[in-house]
Amino acid sequence: MTAGARIIPFRPRPRRPEKMMSNGVLGMLLAVFVEVMLFAGFISGFLIVKARAVGSVWPPPDQPRLPFERTAVNTSFLIVSGIVLLIAHRAYQRGNKSVGPALLVATVLGAAFVAMQGVEWVALLREGLTLTSSLYGSLFYTIIGAHAVHAVIAIGLLGWAWLRLQSGRLPREHLSVVALFWYFVVLIWPFLYFQVYL
Amino acid sequence: MVEPAVDLTHGQHHDDHADHGPQGWLKYLWSTDHKVIAMQYMFTGMFMALVGGFMAYVFRMQLAFPGIDVPGFGMVSPGEYNALVTNHGTIMIFWVAMPVLLAAFGNYLIPLMVGADDMVFPKVNRLSFQVFFVSTIVILASLVVEGGGFAGAWTAYPPLSADSTYNLTPLGSTLWVIGVGLEFVAFLLGGINFITTLMNSRAPGMRAFDVPIVVWMIVVASILFMLSVGPLLAGAIMLIFDQTIGTGFFNPAMGGDPILWQHLFWFFGHPEVYVVLLPAMGVVIEIITTFARKKVFAYRTVIFTVVATGVLSFFVWAHHQFIAGIDPRMANIFTITTLLISVPIAELCFVYIATLYGGSITLNTPMLWALAFVATFLIGGVTGIFLGAAGADIYFHDTYFVLAHFHYTFFPIAIIGAFAAITYWFPKMFGKMMDDRLGKIHFWGTIIPFNMIFIPLFVLGMGGQHRRIYNYSHFPELALDWFQDMRVLATGSLLVMLAFQSVFFYNWYKTIRHGPKAPKNPWKANSLEWTTESPPPHGNWRPDEMPVVYRGPYEYSTPDREDDYWPQNEPSPRGSA
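Source: prediction; values computed, not measured.

### Focus: the overall build of chain B
Okay, so step 1: Scanning chain B for helices and strands turns up 15 helices and 0 strands.
Okay, so step 2: Computed over its C-alpha atoms, the radius of gyration of chain B comes to 24 Å, within 12% of the 25 Å expected for a compact globule of 577 residues.
Okay, so step 3: Seen through its C-alpha atoms, chain B measures out along the principal axes to roughly 75 × 50 × 45 Å.
Okay, so step 4: Among the 577 residues that make up chain B, the fraction classed as buried is 64%.
Okay, so step 5: Across chain B, every contact between residues at least 6 apart in sequence was considered, and the portion connecting residues at least 24 apart equals 79%.
Okay, so step 6: Counting only carbon and sulfur atoms, one obtains 69% of the accessible surface of chain B, whose full area is about 20,700 Å².
Okay, so step 7: Across chain B, the centroid of the 28 positively charged side chains sits 8 Å from that of the 37 negatively charged ones.

### A word on the overall build of chain A
Okay, so step 1: In terms of helices and strands, chain A carries 5 helices and 0 strands.
Okay, so step 2: Listing every helix and strand of chain A by position from the N terminus yields α-α-α-α-α.
Okay, so step 3: Rg of the C-alpha trace for chain A: 23 Å, well past the compact-globule value of 16 Å for 198 residues, more than 25% over.
Okay, so step 4: Considering chain A as a whole, with its 198 residues, one finds that 47% of them fall into the buried category.
Okay, so step 5: Within chain A, residue pairs in contact and separated by at least 24 positions form 81% of the contacts whose partners lie at least 6 positions apart.
Okay, so step 6: Carbon and sulfur atoms form 69% of the exposed surface of chain A, whose accessible area is close to 9,900 Å².
Okay, so step 7: In chain A, the 17 positive side-chain charges and the 7 negative ones have mean positions that sit 18 Å from each other.

### Points about helix H3 (residues 78-114) of chain B
All names here are of chain B.
Okay, so step 1: Its 37 residues give H3 an end-to-end C-alpha distance of 50 Å, which sits within 8% of 54 Å, the value for a rise of 1.5 Å per residue.
Okay, so step 2: Of all the bends in H3, the greatest measures close to 50° and is centred on Pro99.
Okay, so step 3: Summarising burial for H3: 32 of the 37 residues are buried, a large majority.
Okay, so step 4: Just downstream of H3 lies Gly115, where phi reads positive at about 80°.

### Observations regarding the nonpolar core
Okay, so step 1: Counting residues in hydrophobic clusters, the biggest one holds 250 residues, and the most contacted among them are Met42(B), Phe225(B), Phe373(B) and Trp425(B).
Okay, so step 2: Apart from the residues lying within four places of it in its own chain, the contact partners of Met42(B) are Val100(B), Ala104(B), Phe105(B), Ile422(B), Met429(B), Phe430(B) and Trp508(B).

### So, the side chain of Arg293(B)
Residue and element names in this part refer to chain B.
Okay, so step 1: Tracing the backbone shows Arg293 in the loop between helix H8 (258-292) and helix H9 (299-312).
Okay, so step 2: Of note is the side chain of Arg293, whose polar atom sits 2.8 Å from the side chain of Asp564.
Okay, so step 3: With residues near it in sequence (within four places) discarded, Arg293 still touches Ser360, Trp523, Lys524, Tyr556, Ser557, Asp564 and Tyr565.

### Some remarks on the interface of chain B and chain A
Okay, so step 1: If you look at the interface, chain B gives 55 residues, while chain A gives 39 residues.
Okay, so step 2: For the chain B and chain A pair, buried surface summed over both sides reaches about 4,100 Å², with 69% attributable to carbon and sulfur atoms.
Okay, so step 3: Looking only at chain B, the three residues that lose the most surface to chain A are Asn200(B), Phe249(B) and Tyr550(B), adding up to 15% of its buried area.
Okay, so step 4: Our count for the chain B to chain A interface comes out at 1 salt bridge.
Okay, so step 5: For Asp257(B), the salt bridge identified is with Arg52(A), shortest N-O distance 4.0 Å.
Okay, so step 6: Where chain B packs against chain A, one counts 3 residue pairs in polar contact (both at pLDDT 80 or more).

### Some points on the packing of helix H7 (residues 213-244) of chain B against H8(B)
Residues and elements named next belong to chain B.
Okay, so step 1: The geometry of H7 relative to H8 is characterised by a closest axis approach of 8 Å and an angle of 160° between their N-to-C directions. Between H7 and H8, the angle is such that the two are roughly antiparallel. Handedness of the H7/H8 crossing: left-handed.

### Thoughts on the packing of aromatic side chains
To describe a pair of aromatic rings, you give the distance between the ring centres and the angle between the ring planes.
All names here are of chain B.
Okay, so step 1: Counting across every chain of the model gives 73 aromatic pairs over all chains.
Okay, so step 2: Between Phe411 and Phe450 the ring centres are 4.1 Å apart and the planes differ by 10°, which places this aromatic pair in the stacked class. Separated by 39 residues along the polypeptide, Phe411 in helix H13 (residues 400-430) and Phe450 in helix H14 (residues 436-462) bring together distant segments of the chain.
Okay, so step 3: Overall, the relative accessible area of 9% leaves Phe411 in the buried class.

### Overview of unusual backbone geometry
Residues and elements named next belong to chain B.
Okay, so step 1: In this structure, the amide linkage connecting Pro158 to the following residue, Pro159, adopts the cis form with an omega of 5°.
Okay, so step 2: The topology assignment puts Pro159 in the loop between helix H4 (122-144) and helix H5 (164-167).
Okay, so step 3: Note the cis peptide between Ser534 and Pro535, where omega equals -10°.
Okay, so step 4: Residue position: Pro535 is located in the segment after helix H15 (481-514).
Okay, so step 5: We note that Asp398 has phi near 60°; this positive angle belongs to a residue other than glycine.
Okay, so step 6: Position of Asp398 relative to the elements: it lies in the loop between helix H12 (390-396) and H13.
Okay, so step 7: Owing to a relative accessible area of 25%, Asp398 belongs among the partly exposed residues under this scheme.

### Quick word on the pattern of salt bridges
Residues and elements named next belong to chain B.
Okay, so step 1: Applying the stated criterion across every chain, the model contains 11 salt bridges over all chains.
Okay, so step 2: The closest approach of N and O atoms between Arg329 and Asp327, which form a salt bridge, is 2.7 Å.
Okay, so step 3: Taking relative accessible area as the criterion, Asp327 reaches 32% and is therefore assigned partly exposed.
Okay, so step 4: Of the charged contacts in the structure, one is a salt bridge between Asp436 and Lys440, with a shortest N-O distance of 3.4 Å. A residue pair is termed a helical-turn pair when its members lie 3 or 4 positions apart in one helix, as Asp436 and Lys440 do in helix H14 at 4 residues.
Okay, so step 5: Through salt bridges that share partners, Asp398, Arg467 and Arg468 make up one connected network.

### Digging into helix H2 (residues 68-93) of chain A
Residue and element names in this part refer to chain A.
Okay, so step 1: Spanning 26 residues, H2 covers 37 Å between terminal C-alpha atoms, matching the ideal 38 Å at 1.5 Å per step.
Okay, so step 2: Within H2, burial applies to Thr71, Asn74, Thr75, Leu78, Ser81, Gly82, Val84, Leu85, Ala88, His89, Ala91 and Tyr92.
Okay, so step 3: Close packing links the buried residues of H2 with helix H3 (100-127), helix H4 (135-166) and helix H5 (172-197).
Okay, so step 4: Just downstream of H2, Gly95 is the residue with a positive phi angle, here 105°.

### Here's the deal with the confidence of the model for chain B
Okay, so step 1: Summary statistics for chain B give a mean pLDDT of 91 and a share of 95% for residues scoring 70 or more.
Okay, so step 2: Interface predicted TM-score (ipTM) for the complex: 0.92; the corresponding pTM is 0.92.

### Considerations on the side chain of Thr174(B)
Residues and elements named next belong to chain B.
Okay, so step 1: Here Thr174 is to be found in helix H6 (residues 170-200).
Okay, so step 2: According to the relative accessible area criterion, Thr174 is buried, its value standing at 11%.
Okay, so step 3: There is a polar contact of 3.2 Å between the side chain of Thr174 and the side chain of Gln243.
Okay, so step 4: If sequence neighbours within four positions are ignored, Thr174 has contacts with Gln243 and Thr244.

So, how was this worked out
- Throughout, residues of each chain are indexed from 1 in the direction in which the sequence is written.
- For this description, chains carry letters from A and ligands carry numbers from 1, given in the order in which they are written.
- Where totals are concerned, whole chains, interfaces and linings use all residues; where local detail is concerned, this predicted model gives features only for residues with pLDDT of at least 70, and gives and counts side-chain atom pairs only at 80 or more.
- Values shown for side chains rest on all heavy atoms present in the structure; no hydrogens or waters enter the calculation.
- The way it works is that DSSP assigns letters per residue, a run of H or I at least four long becomes a helix, a run of E at least two long becomes a strand, and they are numbered from the N terminus.
- Put simply, the radius of gyration uses C-alpha atoms, and a globule should come to 2.2 Å times the residue count raised to 0.38.
- Here's how the labels work: a residue is buried when its accessible area is under 20% of the maximum for its type, exposed when over 50%, partly exposed in between, all with a 1.4 Å probe on protein chains only.
- In this description, contact between two residues means that some pair of their heavy atoms is separated by no more than 4.5 Å.
- Throughout, the Shrake-Rupley method with a 1.4 Å probe supplies accessible areas, and for residues the shown protein chains are the sole cover considered.
- Here Asp and Glu are counted as negative and Lys and Arg as positive; His is not counted, and neither are the chain ends.
- One atom stands in for each charge, and that atom is NZ of Lys, CZ of Arg, CG of Asp or CD of Glu.
- Here the expected span of a helix is defined as 1.5 Å times the quantity of residues minus one.
- One axis is fitted to the seven residues ending at the residue and one to the seven starting there. The bend at that residue is the angle between these axes.
- Only buried residues count toward a nonpolar core, which is a set of Ala, Val, Leu, Ile, Met, Phe, Trp, Tyr and Cys residues joined through side-chain atoms within 4.5 Å.
- Polar contacts here mean pairs of N or O atoms no more than 3.5 Å apart (in protein, one a potential hydrogen donor and the other a potential acceptor; neighbouring residues in sequence count only if both atoms are side-chain atoms).
- By convention, the term buried area covers the 1.4 Å-probe accessible surface removed from two parts as they join, with the contributions of both added.
- The term salt bridge refers to a pairing of a side-chain nitrogen on Lys or Arg with a carboxyl oxygen on Asp or Glu at a separation within 4 Å.
- For every element, the axis is a line fit to its C-alpha atoms; helices are fit only across the contacting stretch, and the angle between N-to-C directions ranges from 0 to 180 degrees.
- Should an angle fall under 35 degrees it is taken as roughly parallel, and over 145 as roughly antiparallel, whereas 65 to 115 is taken as roughly perpendicular and any remaining angle as oblique.
- Definitions for this section: a left-handed crossing has its near helix turned counterclockwise from the far helix by less than a right angle. A right-handed crossing has that turn clockwise.
- Aromatic pairs are defined between Phe, Tyr and Trp rings, using the six-membered ring for Trp, whenever the two ring centres lie within 6.5 Å; interplanar angles under 30 degrees are classed as stacked, those over 60 as edge-to-face, and all others as tilted.
- Each residue carries a pLDDT score, the predictor's confidence in it, ranging from 0 to 100.

So, in structure tokens, the structure goes:
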């Protein structure tokens, strides 16, 4: 190999480059991507079953209706919680340490969402919509249940962040990671709501 | 900080290291060191390879000599045969190919090659292996529970997988799904680590195009895995509900759709092929450049090609379903995308050959494995064209032609690629030089029988022999004498191949006991892992010797230089070429 010399430009001793985003945020973003694809899988299954419904009647006539209006109230709780957290998160990034109350409000609103969903589930079970009563029920409980599991985990993380904040040991990055997961739970909900409840 | 993190001569205590967590043997069980976790993945994967290989031995014996009392197993019943075939596939893909290539070498190589002291989330990494270990126990347990292991084929199509009145393994099939699901969680945790480490922990000076190709490939593979696995996890949850609670997601009688599972499975399943292929291709290109003493031909093209392959791999999945009743118009589209994806892969093979062209080639054991990978994978790829075309696939579907095709792709990936990687990085991992002569004996003893197993199966497949049949003597048109001779030839070759694996284990043992000590850079290679001790200490380099990068990893045979290699961390003299 004596062909034309390759010119390799001289490089001075390099320094460590700036990170595009912190490790935790990047890791959580990747995890959120996976979760989005998980729900995409559920929703594609939902759409296929819906498209194959007997006589194209959906939801099945013999099954209870989902409480679209009452869930709209829950949804607003969740959205407000997300907005409150966004404000608190941005303030914390700017160095404002007194975001404890806002964080608590966001957590409690999130918990209220899950609790009200639970109340609705009990009512629906009484009306005869169960996991095995029809595919409609199976899909509803599987998809909304998967979201509920994520919501509970996220609320736990928010509560943990609040406790850490009270003792003054909450790095900014940690709040960003937890907040990112909560934004995912909040933002995916409208899609599920309009797909499944309507 | 010069304690060897991976030291097979156990029992010595390192008292100067009290700050690094558990000591003694616990260090190996509870370590967050990426090198130890890589070893854990590798040894678990190798153990599972023995389990999967034993299964292959049992069912091949049954096919060659129906009804025989298989030594070491006994009579094979039809149910056991199906369970063996199913779990052979599952284990070889999810518990051998993925842990050894992606997890073990990903864990081992990424921090060393990008010049980091460890993964960015070491505890997540440890959790990843622990979840994987639990999944291993679950899948092994599923084989011995009442009713036996799951027997509905590794693709687990409903209704066979969903309804225990069909598969007769109510416990085994559920454990199988749980095991596979846990295994995916483990690799998700690992994948987050791989991607974040490459993005955020590169050595100063290492730009995007200074990263060794194998790291790029492992990271692209992780991205593919993470994007594709979500829908399958959704499907797995639905399948478990179908199995245990009695929902009807995949049951047409209840309004469900069995094809839905096939879509969810193959939406993951086809990118999965590239998830395991890309790390193997990366390993091979590292070895080829090192032993051809040449710069990689078209580095950037390789990276772009790999990304293109990754994107395309999401649009080919339905070529597995051509005869499952999908719309023929859709089959046309998927035929086109399937034939398209062979273009970037063919391009990679040409890049490898172009890299070899004009090089000064050393034919030692790792290089032989690397070259064998290219040659055998080429056969696998070319036979895939027939299956990708919807018309030809109607004839070939579910025959041994398909089986031989994917063994010609997966064997090079999971076995040849893994042996290439192990023999190449063995000096770095264990600090000893392997015996090249024994390595070559093992190579030829594996590669010749491998072809002797699967070429007959190609012929049988073209002759119309169906897969997943327990005893061909029940089918007069498949019970021809020459068909049976082919089956016996394939089984005999398998026995020879399995026997030759003992040479590898003997070589391993002998090297660890008596092998010569490996220097830092035995192959005179450029990438950063060769600039530290063999094996690397905890933290990979001394804190004051963390590497800094000045150039790409493939500067071999640079004119006007005394050495024919130029390590990435060596500063260039000002004004030189």
